Number of protein chains: 2
Amino acid sequence: MQMGLLIVLSGPAGVGKGTVCTALRKRMPEIVYSVSATTRQPRAGEVDGVNYFFKTRQQFEQMIKQDALLEYAEYVGNYYGTPREFVDQTLSAGKDVILEIEVQGAMQVKERFPNAIFVFLLPPSMEELKQRITGRGTESQQTIDIRMGVATKEMELLEHYHYAVVNDEIEAACDRVRSIIIAEHCRKDIVIRSRSAASAIGNKQ
Amino acid sequence: MQMGLLIVLSGPAGVGKGTVCTALRKRMPEIVYSVSATTRQPRAGEVDGVNYFFKTRQQFEQMIKQDALLEYAEYVGNYYGTPREFVDQTLSAGKDVILEIEVQGAMQVKERFPNAIFVFLLPPSMEELKQRITGRGTESQQTIDIRMGVATKEMELLEHYHYAVVNDEIEAACDRVRSIIIAEHCRKDIVIRSRSAASAIGNKQ
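Residues numbered from 1 in each chain as written. Chains lettered and ligands numbered in written order. Predicted model: local features only at pLDDT ≥ 70, side-chain atom pairs only at ≥ 80, totals over all residues. Heavy atoms only, no water.

### Some details on the interface of chain B and chain A
Contact residues are listed per partner, giving 30 residues for chain B and 30 residues for chain A. Where chain B abuts chain A, roughly 2,600 Å² becomes buried across the two surfaces, and 55% of that area is made up of carbon and sulfur atoms. Between the two partners, chain B and chain A, sit two salt bridges. Of the charged contacts, one joins Arg178 of chain B and Asp175 of chain A as a salt bridge, the two residues approaching to 2.7 Å between their closest N and O atoms. Taken together, the links from chain B to chain A amount to eight residue pairs in polar contact (both at pLDDT 80 or more). Elements supplying a minimum of two residues to the side of chain B that touches chain A: strand E9 (163-166), helix H7 (170-185) and helix H8 (188-197) of chain B. Here the element with the most residues in the side of chain B that touches chain A is H7 of chain B; it accounts for seven residues. Counted by class, the side of chain B that touches chain A contains 18 nonpolar, five polar and seven charged residues. (Contact = heavy atoms within 4.5 Å. Buried area = accessible area lost by both parts, 1.4 Å probe. Salt bridge = Lys/Arg side-chain N within 4 Å of Asp/Glu carboxyl O. Polar contact = N/O pair within 3.5 Å; in protein donor to acceptor, adjacent residues only side chain to side chain. Helix = DSSP H or I, 4+ residues; strand = E, 2+ residues; numbered from the N terminus. Nonpolar A, V, L, I, M, F, W, Y, C, P; charged D, E, K, R; others polar.)

In structure tokens, the structure reads:
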């Protein structure tokens, strides 16, 4: 059984990772979307095990101690992380897994999964990212400045990624990410491996 | 102006390179398809400059001498080759070019364009390739054996390629090649280069 591919979709806060991931889910239902663990309170309609695994702070810190998280970060006073076991099991079952995570987390995953595919979602421009961050609501100028400072720092991590996808339009961005996943399955080494594993040669996608 | 990508689509004789290329042409009309030069006689309906550049043997050998061909080979007594100037000009104009060529020619292109994207079209199985070669018409057993021997040798060149695409079904194979081209345009280095070339960041596809 050939391992599935691990795809890490990341990028600065406000770039629209969640929206692109939701579109991708419809387009590629055969891919497994990892569910994060968090200590933040569930919002209306959020279901434990579907949107997040909701944990107490104590439970989360226990997971950190047991090395049960692929990556984690603290953000605005709450922990967010990716349970490792689910990802390992799904990949071993030959299924692709997508992690939609923050850039700090992505760098942690890279240490553990150097063969994962790293996709950085880019805003069409920094001006556009500023508008998205500003347009979110009634944030103060100071909050906007801090967020833009963080986003600019996060953009610098692009160099550690394999691919950069501009989120100018959701369906176009989704098609690019889908193309990257299909292309990665067509890499010669992967096809040769699956060819020696099966008598008939077949791309996965 | 950023250079276009050179995509080399190759694979053993009988695998269906032409059919996949025709499907891709409809799917990606924005890509330029290189026209080969040949010394073989035009078939009914073939137009000079569209299907091939039809050359005399003397003209072709002149092109070889002048290093005007990216690659060439002799096949069943006729020359086939790729005029270099058209490819160079189209790439310089920022457009992608596809070469649909035999495997020997592809290896010549690799020496001149190490940055080209090499895609190897695979039959679903060697058994299937044999059926396609046999099913072409009224070939003798000897001809079939020779062709299978050549095809088996050609398959060994797969290791020099970046991607392997199984031609199990034309539209699926076409979608894989399209995905590879889009993914290659999303490579981080390419996006960063185009980002420094333009003020707004934008993927090409």
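Now, onward.
### Here's the deal with the pairing of strand E6 (residues 78-83) of chain A
Residues and elements named next belong to chain A. Inspection of the sheet shows strand E3 (residues 36-38) paired to E6 by two bridges, in the antiparallel sense. Among the inter-strand pairings, Thr38 is bridged to a residue of E6, identified as Tyr80. Pairing geometry for strand E5 (residues 69-75) and E6, over six bridges, is antiparallel. Bridge pairing links Glu74 to Tyr79 in E6. Joining the antiparallel neighbours E5 and E6 is a turn of two residues, in which Val76 adopts a positive phi near 45 degrees. (Pairing = 2+ DSSP bridges.)

### What about the side chain of Ser179 of chain B?
For Ser179 of chain B, the location among the structural elements is in helix H7. Discounting residues that sit within four places of it in the chain, Ser179 of chain B has contacts with Arg178, Ser179, Ile182 and Ala183 of chain A.

### Digging into the sheet that holds strand E6 (residues 78-83) of chain B
All names here are of chain B. The strand order across the open sheet formed by four strands is E4-E3-E6-E5, and the pairing between neighbours is mixed. Each edge of the sheet is formed by a strand with only one pairing partner; in this case those strands are strand E4 (52-54) and strand E5 (69-75). Going across the sheet, the axis of each strand differs from the next one's by a mean of 25 degrees, ignoring polarity. Contacting E5 and E6, helix H3 (residues 84-92) crosses the sheet at an angle of about 25 degrees to E6. (Axes fitted to C-alpha atoms, helices over the stretch in contact; angles between N-to-C directions.)

### Here we look at unusual backbone geometry
All names here are of chain A. Phi at Asp67 takes a positive value of approximately 55 degrees, unusual for a residue other than glycine. For Asp67, a relative accessible area of 37% puts it in the partly exposed group. A positive phi is found at Val76, a non-glycine position, where the angle reads about 45 degrees. The residue Val76 is located in the loop between E5 and E6 in this model. (Buried < 20%, exposed > 50% of the residue type's maximum accessible area, 1.4 Å probe, protein only.)

### Examining the sheet that holds strand E4 (residues 52-54) of chain A
Residue and element names in this part refer to chain A. Pairing in this open sheet of four strands is mixed, and the strands run E4-E3-E6-E5 from one edge to the other. Strands at the two margins of the open sheet, each flanked by one partner only, are E4 and E5. Recorded for the sheet is a direction-independent mean angle of 25 degrees between the axes of neighbouring strands. Strands E5 and E6 of the sheet are contacted by helix H3 (residues 84-92), whose axis makes an angle of about 25 degrees with E6.

### Considering the packing of aromatic side chains
Given two aromatic rings, one states the distance between the centres and the angle between the planes to describe the pair. By the definition in use, this model includes 16 aromatic pairs over all chains. A centroid spacing of 4.9 Å and a plane angle of 85 degrees characterise the contact between Phe120 of chain B and Tyr161 of chain B, whose relative ring orientation is edge-to-face. Of this pair, Phe120 of chain B sits in strand E8 (residues 117-122) while Tyr161 of chain B sits in the loop between helix H6 (141-155) and E9, and the two are 41 residues apart along the sequence. Pair check on accessibility: Phe120 of chain B and Tyr161 of chain B agree, each one buried. Of the aromatic side chains, those joined through ring pairs into one cluster are Tyr52, Phe54, Tyr75 and Tyr80 of chain A. Between the NZ or CZ atom of Lys110 of chain A and the centre of the ring of Phe118 of chain A, over which it lies, the distance is 5.7 Å. (Phe/Tyr/Trp six-rings, centres within 6.5 Å; stacked < 30°, edge-to-face > 60°. Lys NZ or Arg CZ within 6 Å of the ring centre and 35° of its normal.)

### Examining the packing of helix H5 (residues 126-134) of chain A against helix H6 (residues 141-155) of chain A
If you want to describe how two helices pack, look at the angle between their axes and the distance between the axes. Residue and element names in this part refer to chain A. Contact pair H5 / H6: the axes reach a minimum separation of 10 Å and the direction vectors enclose 140 degrees. Taken together, the axes of H5 and H6 are oblique relative to one another. Handedness of the crossing formed by H5 with H6: right-handed. On H6, the residues touching Met126, Leu129, Lys130, Ile133 and Thr134 of H5 are Ile144, Arg147, Met148, Ala151, Thr152 and Met155. (Parallel < 35°, antiparallel > 145°, perpendicular 65-115°, else oblique. Left-handed = near helix turned anticlockwise from the far one by under 90°.)

### Observations regarding the pattern of salt bridges
Within this structure, the stated rule accounts for 26 salt bridges over all chains. Ionic pairing is found between Arg27 of chain B and Asp175 of chain B, a salt bridge with its closest N-O pair at 3.5 Å. Placement of Arg27 of chain B in helix H1 (residues 17-27) and of Asp175 of chain B in helix H7 is noted, with a sequence separation of 148 residues between them. One connected set of salt bridges, linked through shared partners, spans Arg27 and Asp175 of chain A together with Arg178 of chain B.

### Quick look at the state of the cysteines
Residues and elements named next belong to chain A. According to the stated counting rule, one finds zero disulfides over all chains in the structure shown. Its sulfur unpaired, Cys174 is 9.1 Å from the next cysteine sulfur, which belongs to Cys21. Overall, the relative accessible area of 0% leaves Cys174 in the buried class. (Disulfide = S-S within 2.5 Å.)

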